[in-house]
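Chain and residue survey
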Amino acid sequence: MKAQLPFLLVVPFDTPLLEQESCLSGNLLGNYRNGYSLQSVFITDEECISSWAAQTESLSAVFTPAVQGFRQLVWIAEEAIDDSLKVPTSEDQLDLFLERLSSPPQAQDEETFLDSNQDVFIETSKDTGFQLLYRGSSAALLSVPSRVALHLDTVLPRFWKSTPVPSFPIEFIPIPPSSIEPMKSVLANLAYDSSVATIVDSISVPQMRNDIRFLTGEDGQSGIVSRHSFSQGSRVAAAWLKQRFEETGATCRLMSFMQGFAPNVICRYESMVNTTGTVIISGHYDSRGSFGSTRMPGGDDDGSGTTAVLSIARAIARNGVKFRQIVELVAFAGEEQGLYGSRAYANELRSLDANVTLMIQADMLAYRKPGEPMQLGLPKSIGTPEVAQLVANISALYSPELEVGITPACCSDHQSFHEQGYASTQVFERAGPIVDPMYHNSGDLSDREGFDFDQLKAIAKVQFATVLHYAGFELHK
Ligand SMILES: *[C@@H]1O[C@H](CO)[C@@H](O)[C@H](O)[C@H]1NC(C)=O
Ligand SMILES: *[C@@H]1O[C@H](CO)[C@@H](O)[C@H](O)[C@H]1NC(C)=O
Ligand SMILES: *[C@@H]1O[C@H](CO)[C@@H](O)[C@H](O)[C@H]1NC(C)=O
Ligand SMILES: [Zn+2]
């Protein structure tokens, strides 16, 4: 680190800027969304900022001078939501949030964020002092006490999410051509395979309906009120998921990544051939509510993606599928606090130099606005375009009823893998912004208008078919 005081620089995301040699090289703190675009945050010194600003007048920049003694930096940003969800208020959502943040929660307010069985809640620090370092149109950069950073979701407006920003630079790792080439070759040789169609069609809607009702607590049996990462319900869900995946022949482990958080559930099918190549499909099983909302059933977000991945495991077992690469099915926790679980896992894989060839995250698959066609959305900003293209073309073969398009909804767990240089994308329920009226709400149940199991199955089929085509498979029955 340089001797001078650190300055933060917030600029529009620009790959050449990250790749070319400059005083900014090696000083990236990450890329974060602001409205429909991305911004890069750098940590640097005053001299670099002046020289950099002199070269590139065309880009707008925000300098945050001399941040001293910051505790945890967090980026908060508004989700891309459909106009129909926007509530006209006279007050700015960000102002309301900052007001709430300045008044420490009363004991009984804390109660409302907890389910009755919650035993692992880390008490919110009474010291909620924060610094607003940067304010964008739909985003802000704050410095807060680290404990507060973990609990921002309980005070954030419903359509805002927080992401921790590291205090030390991260490496910018582009996706290497050696990951892209095989993707292109699978795409170029892609053809409808009737045995793939038979396998993916065997995904069972009644089974998905049962599975999701356990996760949301709608079955009246699981006792799950919330799957918030710090809740008892998330532990119940993790243990249950591990068992269900193991029943399909996978080897699973619970990966604890941070005190207080429920673990990632990581399950693996070995390869038929000797390879390190690993394909990962995933969803996040943690849920969130919003200010004042106690129940967090997370039926669509992301009970749907979790159920899709589980339905794929069940179909693997039912059809006796064996793969020609290692295949991992993962249910992440900590997504809602800022991709904590997936970051821990992607970092671990990178540190082991793991050969992850493809990663597809399923986050929110089931909601279809009445009157709209069934859709599949692929991410506009975070992800590997070649992976998205492969998924789109596979969708046309096996789920032609889906209208495929681009979504500005952004930044689920695939971002963690993308940041580590792994080819990845996300599948989403809509070729447009979020339109689910129960998003981050106690009404996010599976038994409601618009929750469409046929769309859920259609997208799960695409995720599964992509793995079958990309990893290769044999049937052993
Ligand atoms: C993928 O699908 C698009 C749209 O149908 C088509 O134009 C393109 O040729 C396909 N790509 C490949 C490599 O088959
Ligand atoms: C698998 O491949 C590696 C690297 O090519 C080799 O070292 C290893 O012996 C092989 N293992 C088996 C069981 O064939
Ligand atoms: C990674 O796995 C792929 C797919 O099995 C394989 O072709 C490639 O050689 C592997 N890469 C390395 C560096 O082992
Ligand atoms: Zn989600």
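Higher on the page you've got the structure.
Bear in mind the structure is a predicted one, so any value in this text is a computation, not a measurement. (Residues numbered from 1 in each chain as written. Chains lettered and ligands numbered in written order. Predicted model: local features only at pLDDT ≥ 70, side-chain atom pairs only at ≥ 80, totals over all residues. Heavy atoms only, no water.)

Here we look at the overall build of the protein
Heads up, the condition is: A helix here means a DSSP run of H or I that spans at least four residues, while a strand means a run of E at least two residues long, and both kinds are numbered starting from the N terminus. For the exposure calls, accessible area comes from a 1.4 Å probe over protein chains only, and a residue counts as buried if that area is under 20% of its type's maximum, exposed if over 50%, partly exposed in between. Note on contacts: a residue pair is in contact if any heavy atoms of the two residues lie within 4.5 Å. For the accessible areas, the method is Shrake-Rupley and the probe is 1.4 Å, while residue cover comes only from the protein chains on display.
Assigned secondary structure in the protein consists of 14 helices and 18 strands. Here the protein holds 477 residues, and 60% of them are scored as buried. Across the protein, the fraction of contacts at a sequence separation of at least 24, relative to all contacts at a separation of at least 6, is 83%. Summing over all exposed atoms, the protein offers an accessible surface of approximately 18,100 Å²; the carbon and sulfur share of this is 50%.

Details of the site of ligand 3
We count it as follows: Any residue with a non-hydrogen atom lying within 4 Å of a molecule or strand is treated as near it. We call two N or O atoms a polar contact when they sit within 3.5 Å, provided that within protein one can donate a hydrogen and the other can accept it, with sequence-adjacent residues counted only if both atoms are side-chain atoms. For this scheme, ten residues count as nonpolar: Ala, Val, Leu, Ile, Met, Phe, Trp, Tyr, Cys and Pro. Four count as charged, namely Asp, Glu, Lys and Arg, and the remainder, Gly too, count as polar.
Close to ligand 3 lie Thr-275, Thr-276, Gly-277, Gln-325, Asn-355 and Thr-357, which account for all nearby residues. Asn-355 places a polar side-chain atom, nitrogen or oxygen, 2.4 Å from an oxygen atom of ligand 3. Across the complex, the protein chains shield 38% of the 360 Å² of accessible surface that ligand 3 would expose by itself. Taken together, the residues that form the shell around ligand 3 break down as no nonpolar, six polar and no charged.

Brief notes about the coordination of the zinc ion (ligand 4)
As a benchmark, a tetrahedral metal site with four donors has ideal angles of 109.5 degrees, while an octahedral site with six donors has ideal angles of 90 or 180 degrees. In plain terms, the rule: For Na, K and Ca the donor cutoff is 3.2 Å, while for all other metals N, O and S atoms must lie within 2.8 Å; water is not among the atoms, so some sites may look incomplete. A four-donor site is called tetrahedral if each angle lies between 85 and 135 degrees; a four-donor site is square planar, and a six-donor site octahedral, when trans pairs exceed 155 degrees and the remaining angles lie between 65 and 115; all other cases are labelled irregular.
Of the protein atoms, only His-284 (NE2), Asp-301 (OD), Asp-363 (OD) and Asp-363 (OD) coordinate the zinc ion (ligand 4), at distances of 2.0 to 2.5 Å. Relative to the metal, the four donor atoms surrounding the zinc ion (ligand 4) lie at angles of 54 to 146°, and the coordination shape comes out irregular. Read from N- to C-terminus, the donor residues coordinating the zinc ion (ligand 4) fall into the pattern H-x16-D-x61-D. Highlighted residues: Asp-301 in helix 10 (residues 299-319) and Asp-363 in the loop between strand 14 (356-362) and strand 15 (375-379), separated in sequence by 62 residues. Judged by its relative accessible area of 3%, Asp-301 is buried. Given a relative accessible area of 5%, Asp-363 falls into the buried group.

Regarding the sheet that holds strand 8 (residues 160-165)
Using the following cut-off: Paired strands, in this sense, are two strands between which DSSP finds at least two bridges. Note on geometry: axes are C-alpha line fits, over the in-contact stretch for helices, and angles between N-to-C directions span 0 to 180 degrees.
On the basis of which strands lie adjacent, the open sheet formed by four strands has the order 6-7-5-8 and antiparallel pairing. The two strands at the open ends of the sheet, each matched to only one other strand, are strand 6 (131-135) and strand 8. Here the strands of the sheet are splayed against their neighbours by 25° on average, with no regard to which way each runs. Pairing geometry for strand 5 (residues 72-78) and strand 7 (residues 139-144), over six bridges, is antiparallel.

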